[in-house]
Protein chains: 2
Amino acid sequence: MTAPPLNTWQDVHAEVLDRISSRRWKPGELIPNEIDLATEFGCARTTVNRALRTIAEAGLLDRKRKAGTRVATNPVRKATLNIPIIRQEIEQMGQSYAYALISSEIGTPPVDVRARMGLAAKDKALHLIALHLANQRPYVCEDRWINMAGAPGVVDVDFTSISANEWLVANAPFTNGDLSFSALRADAKIAEHLGAKPNDALFILDRITWDRSTAITSVRMAFHPGYRMQTTI
Amino acid sequence: MTAPPLNTWQDVHAEVLDRISSRRWKPGELIPNEIDLATEFGCARTTVNRALRTIAEAGLLDRKRKAGTRVATNPVRKATLNIPIIRQEIEQMGQSYAYALISSEIGTPPVDVRARMGLAAKDKALHLIALHLANQRPYVCEDRWINMAGAPGVVDVDFTSISANEWLVANAPFTNGDLSFSALRADAKIAEHLGAKPNDALFILDRITWDRSTAITSVRMAFHPGYRMQTTI
DNA sequence: GAGTGGTCTAGACCACTGT
DNA sequence: CAGTGGTCTAGACCACTCC
């Protein structure tokens, strides 16, 4: 009674996940090496490798050369969040999207923003405050600084007709970025923009994007009260 | 002046990312197929495939059989969040970890929790409220329901000495879960637990975990004011 | 129908690391 | 030193999907 061969890496993937969750392979335990598993499953080592590598990337296996592969004892689960473009997020919900510029001026960013962006005290940046609306209701308020050295041509753009994000993705692509999520109490100003009550708790997304080592933009997005960001693991 | 061959998939990965961010390959544009790229780079098609597949998984390329590979026009960036085990997160910051059980009782979950967990009105569950502390200061307060059918033996556990999470990872592994992040205003009770002021904005993580289709636990973690969750893209 | 990505295979060499 | 995972190669077949 030999098992039928597992022909695809997805088959192997599923089988290994099953052995982990059924505790046939227990946390901390060393599992057979790739060659033995390939023999057992009746497939090539490459196929086993692809499956195990994928599972390891998800955090459920720990792999080390020579030491072999172990079931993770404390699976630090990795969740993949889709950071949406606001317009798409709203339109995918079947709601109408609108955008409104609240203010636009050139100035010196506050010291914390300068520090994160790596700007000097004399550097100027474009400061935008804008609102994204879903079905005419405030959805998210963004407070953004754009490094004029990192986004050539930005001074000439009319941001009343195009959102900063859309202009930037088309004109100043970034190579990497830092994200952080937090919660903040609405102050009077932002509460007014969002149509929220003062003291409402707001979900906050802070993002800085870079082109190699020069900062392009730093933005704080304050979502309307009740907003949730969801994913699966 | 032919370029030197790119020998590893990381080389190809870097080169392709460079062509995208430098706009040599523009958004929406069709890029050469794998065979041509392999010829150009002087490597095997498998190597090109690995690199392009990785980039596509990150959202910067759209690949379709027969249609070919295009640079994504609206790169929906995917951020990978590490969902930490609280004890580890605290210990990695070099702080001391402590855990305190606030209450433990068997009861019927509120209707929204029942709905999300797929429990009937008559089903009983174990309700725990507990606090995780970093350097003796409240770090996160968890409000948890455990499905007794999904976690055999849970009634006999002494949760004053071990945290629910640690017992569950060791004894009732999950196959999948739903996560959501939001912000919530602290009510009087939770403010007291966390040593926060009422109305403080709290970062909230809701998680339900499943073993196949039976819910194991539903937990709401309310982090101390000022908490941030960070990642990069 | 034909072009493209998706994957499998068998074999090989390399890089890391525990002993 | 030796065992393990990490990767490359060349060739092959398949699955999807556009035309």
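Preceding this paragraph is the structure being described.
Residues take numbers from 1 onward in each chain, read along the sequence in its written order. Here the convention is simple: chains get letters from A, ligands get numbers from 1, in the order in which they are written. Local features in this predicted model are restricted to residues of pLDDT 70 or higher, and side-chain atom pairs are both shown and tallied only at a pLDDT of 80 or more, whereas totals for entire chains, interfaces and linings draw on every residue. The basis for every side-chain value is the complete set of heavy atoms in the structure, and neither hydrogens nor water enter the calculation.

Some remarks on the pattern of salt bridges
All names here are of chain A.
Here's step 1: Put simply, a salt bridge is a Lys or Arg side-chain nitrogen that is within 4 Å of an Asp or Glu carboxyl oxygen. Under the counting rule described, the total for this entry stands at 28 salt bridges over all chains.
Here's step 2: Where aspartate 112 meets arginine 116, a salt bridge forms, and the shortest distance between an N and an O atom there is 3.7 Å. Note that aspartate 112 and arginine 116 are positioned in helix 5 (residues 111-117) at a spacing of four residues, about one turn of the helix.
Here's step 3: Burial status follows relative accessibility: with a 1.4 Å probe on protein chains alone, a residue under 20% of its type maximum counts as buried, one over 50% as exposed, and anything between as partly exposed. Accessibility expressed as a relative area gives 40% for aspartate 112, which makes it partly exposed. Counting from the N terminus, the helices are DSSP H or I runs at least four residues long and the strands are E runs at least two residues long.

What to know about the sheet that holds strand 7 (residues 137-147) of chain B
Here's step 1: Two strands qualify as a pair provided DSSP detects at least 2 bridges between them. The antiparallel open sheet is built from seven strands, whose spatial order is 11(A)-8(B)-9(B)-10(B)-7(B)-6(B)-5(B). Strands with a single pairing partner mark the edges of an open sheet, and in this sheet they are strand 11 (229-232) of chain A together with strand 5 (97-107) of chain B. Shown here is a sheet whose adjacent strand axes are inclined to one another by a mean of 15°, direction ignored.
Here's step 2: Examined bridge by bridge, strand 9 (residues 201-211) of chain B and strand 10 (residues 214-223) of chain B share eight bridges and lie antiparallel to one another. When the bridges of strand 10 of chain B are listed, tryptophan 210 of chain B appears paired with alanine 215 of chain B.
Here's step 3: Across the sheet, helix 6 (residues 164-171) of chain B is in contact with strand 5, strand 6 (125-134), strand 7 and strand 10 of chain B; its angle to strand 7 of chain B comes to roughly 45°. Axes here mean lines fitted to C-alpha atoms, for a helix over just the part in contact, with angles spanning 0 to 180 degrees between N-to-C directions. Between two residues, a contact is recorded if the distance between any of their heavy atoms is within 4.5 Å.

Digging into the protein's contact with DNA strand D
Here's step 1: For this purpose, a residue is taken to be near a molecule or strand whenever a single non-hydrogen atom of the residue falls within 4 Å of it. Looking at DNA strand D, there are 24 residues lining it, with Arg45 and Lys66 of chain A together with Thr8, Trp9 and Thr47 of chain B nearest.
Here's step 2: Near the protein, meaning within 4 Å, the atoms of DNA strand D are sugar or phosphate in a fraction of 68%, with bases accounting for the rest.
Here's step 3: We call two N or O atoms a polar contact when they sit within 3.5 Å, provided that within protein one can donate a hydrogen and the other can accept it, with sequence-adjacent residues counted only if both atoms are side-chain atoms. Contact distances for DNA strand D include 3.1 Å between a phosphate oxygen and a backbone N or O atom of glutamate 34 of chain A.
Here's step 4: Looking at the surface near DNA strand D, the elements with two or more residues in it are helix 3 (45-57), strand 2 (61-64) and strand 3 (68-71) of chain A together with helix 1 (9-21) and helix 3 (45-57) of chain B.

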